[in-house]
Amino acid sequence: MKILVTGGAGYIGGTVSRLLLERGHEVTVFDSLCHSRRSAIAEGVTFVEGDLADSALLEKTLNAGKFDGVLHFAALIEAGESMKQPEVYFRNNTAGTLTLLEAMLATGHNKLVFSSTAACYGEPEKTPITEEARLAPTNAYGESKLLSEHMMRWMHHSHGLRYAALRYFNVAGAIPGYGENHEPESHLIPLVLDVALGRRASIKIFGQDYPTPDGTCVRDYVHVQDLADAHLLALAALEDKAPLIYNLGSGTGFTVLEVIESVRRVTGKEIPVELCPRRPGDPAVLVASSEKIQQELGWKPQFAKLDSIIESAWIWHQQLHR
Ligand SMILES: NC(=O)c1ccc[n+]([C@@H]2O[C@H](COP(=O)([O-])OP(=O)(O)OC[C@H]3O[C@@H](n4cnc5c(N)ncnc54)[C@H](O)[C@@H]3O)[C@@H](O)[C@H]2O)c1
Ligand SMILES: O=c1ccn([C@@H]2O[C@H](COP(=O)(O)OP(=O)(O)O[C@H]3O[C@H](CO)[C@@H](O)[C@H](O)[C@H]3O)[C@@H](O)[C@H]2O)c(=O)[nH]1
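Given the structure is predicted, the values throughout are model-derived calculations rather than measurements.

Draft legend 1. Representation of the overall build of the chain in the model. A tally of helices and strands in the chain yields 10 helices and 14 strands. Computed over the C-alpha atoms, the radius of gyration of the chain is 19 Å, within 12% of the 20 Å expected from 2.2 N^0.38 for a compact globule of 322 residues. Oriented by its inertia axes, the alpha-carbon framework of the chain measures out at about 55 × 45 × 40 Å. In the chain, the share of contacts with a sequence separation of at least 24, taken over all contacts with a separation of at least 6, comes to 77%. As displayed, the chain has an accessible area near 13900 Å², and 51% of this comes from carbon and sulfur atoms. Side-chain charges in the chain split into 30 positive and 39 negative, and the spacing between the mean points of these groups amounts to 1 Å.

Structural data, given as structure tokens:
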């Protein structure tokens, strides 16, 4: 297949690009490099440097490629930052997605897999979270993604857009030779690994008074390779059924302190911590039920254990900062 990957210079888009190439697909990456590096782009892809706001370039790229599907990863991703500058998130993520949807319609492309997020749910009423749960984001980032899902639903209704919205929980880990390298980094696991490498003095713990077993936030960490597999399954399934809406998580939650403990086990390093106030917009607990995609598409996550996810991230992190 010929696939357009927006955000393909990033962590998850870069991983999926590599997997697509490995499986014999042709990949075009569309990325502005606003939060990534040219060196992260997989060898063997066609690269178009551009912003989602550039509808002419999007249309040109789509017309030239005549793609079998679009995987849309490009977005700003920091929940904390989105609380300080919500307008930037709505412009880049929501308006950017609308521009992409319009360009797809204008060029006769109707298959899309969208990177959605657990942040669409906000503070859940029940755990684990199923796809039918209330959608009430507690941060502007989550809202920017939920609004994108709403637009896709209407484009499906009025124009027959065939889309899958994959609501990822916390993506972590690395494939051999490629992993997380956000600039700036805000995610817990790479930051704790930085402490293990001695690149940071300590890890900040945001909030110790949440209603959780040890007072720190609970998250569901899913390996990026498992996530990548789900994209290929979803793209294939869009032939028969649309829209598709699936959670992607491991089904198990870990507190921030448990993640730090796992890093201590895997790396054998001391990890000094610094107790800090809550980060605005953070829900206390986010744990997925991914039963639906397992049953309907046969998705089988291979990385069940937090230690093995962190182990893969640790191998990559050491290579990255050698
Ligand atoms: N990392 C996670 O845990 C997680 C969880 C849930 C959802 N997601 C979603 O997955 C997707 C990928 O996340 P990631 O961790 O790989 O992030 P990332 O920052 O590594 O990658 C995003 C890429 O999109 C590009 N980009 C951003 N805005 C752009 C624009 N307007 N035009 C063109 N390119 C643009 C950036 O340069 C970057 O290369 C995002 O949509 C994110 O919201 C990530
Ligand atoms: O230095 C840090 C960084 C994070 N945390 C906490 O660790 C947890 C995980 O945080 P982080 O790794 O930043 O991820 P999230 O904010 O949970 O967001 C991720 O997971 C969401 C889905 O759950 C996605 O939508 C987002 O794109 C993705 O960044 C949260 O409770 C944070 O408060 C700390 O205590 N200290």
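That covers the picture; the talk isn't over yet.
Draft legend 2. Here's a closer look at the nonpolar core. Membership of the largest hydrophobic core comes to 37 residues, with the highest contact counts inside it found for Ile 12 and Leu 71. Counting residues per element, this core draws most heavily on helix α7 (residues 224-237), which supplies 8 residues. Counting contributing residues, this core receives three or more from each of domain 1 (2-171 + 221-248) and domain 2 (173-219 + 251-320). Grouped together as the second largest cluster of nonpolar side chains are 28 residues, Leu 193, Val 195, Val 287 and Leu 306 included.

Draft legend 3. Structural view of the side chain of Thr 61. Its place among the elements puts Thr 61 in helix α2 (residues 55-65). Thr 61 sits in the buried class, given a relative accessible area of 7%.

Draft legend 4. View of the UniProt feature "domain: NAD-dependent epimerase/dehydratase" (unreviewed entry) in the chain. The residues that UniProt annotates with the feature "domain: NAD-dependent epimerase/dehydratase" (unreviewed entry) are residues 3-249. A distance of 24 Å separates the end C-alpha atoms of residues 3-249, which is 38% helix and 20% strand.

Draft legend 5. Molecular detail of empty space enclosed by the protein. For the coordinates displayed, the defined rule picks out 1 cavity of 30 Å³ or more. Counted as a void, the largest cavity has a volume near 60 Å³. Residue lining of the largest cavity: Gly 173, Ala 174, Gly 179, Glu 180, Ile 189, Pro 190, Leu 193, Ala 313, Trp 316 and His 317, and that is the complete set. Looking at the lining of the largest cavity, the elements that each hand over two or more residues are α6 (188-196) and α10 (306-320). Looking at the lining of the largest cavity residue by residue, the classes come out as 6 nonpolar, 3 polar and 1 charged.

Draft legend 6. Fine view of helix α8 (residues 256-267). For α8, which comprises 12 residues, the first-to-last C-alpha distance of 17 Å matches the rise-based estimate of 16 Å (1.5 Å per residue) to within 8%. Every buried residue of α8 is accounted for by Val 256, Val 259, Ile 260, Ser 262, Val 263, Val 266 and Thr 267. Summarising the axial view, the buried residues of α8 lie within an arc of 155°, below the 170-degree limit, and thus occupy one face. Buried positions along α8 lie against α6, β8 (203-206), β10 (221-223), β12 (254-255), β13 (273-276) and α10. One or two positions beyond α8, positive phi appears at Gly 268, with a value near 70°.

Cut-offs and rules
- Residues numbered from 1 in each chain as written.
- Chains lettered and ligands numbered in written order.
- Predicted model: local features only at pLDDT ≥ 70, side-chain atom pairs only at ≥ 80, totals over all residues.
- Heavy atoms only, no water.
- Helix = DSSP H or I, 4+ residues; strand = E, 2+ residues; numbered from the N terminus.
- Rg over C-alpha atoms; globule rule 2.2 N^0.38 Å.
- Contact = heavy atoms within 4.5 Å.
- Areas by Shrake-Rupley, 256 points an atom, 1.4 Å probe, with all protein chains shown as cover.
- Lys, Arg positive; Asp, Glu negative; His and termini not counted.
- Charge placed at Lys NZ, Arg CZ, Asp CG, Glu CD.
- Core = buried A, V, L, I, M, F, W, Y, C linked by side-chain atoms within 4.5 Å.
- Buried < 20%, exposed > 50% of the residue type's maximum accessible area, 1.4 Å probe, protein only.
- Domains from an automatic or database assignment.
- UniProt positions renumbered as here; feature names shortened; annotations may be inferred.
- 1 Å grid on protein atoms, 1.4 Å probe; cavity = no way out; pocket = protein on both sides within 12 Å on 5 of 7 lines; lining within 4 Å.
- Points joined across faces, edges and corners; volume = space filled by probe spheres on them.
- Nonpolar A, V, L, I, M, F, W, Y, C, P; charged D, E, K, R; others polar.
- Expected span 1.5 Å × (residues − 1).
- Arc of directions from axis to C-beta.

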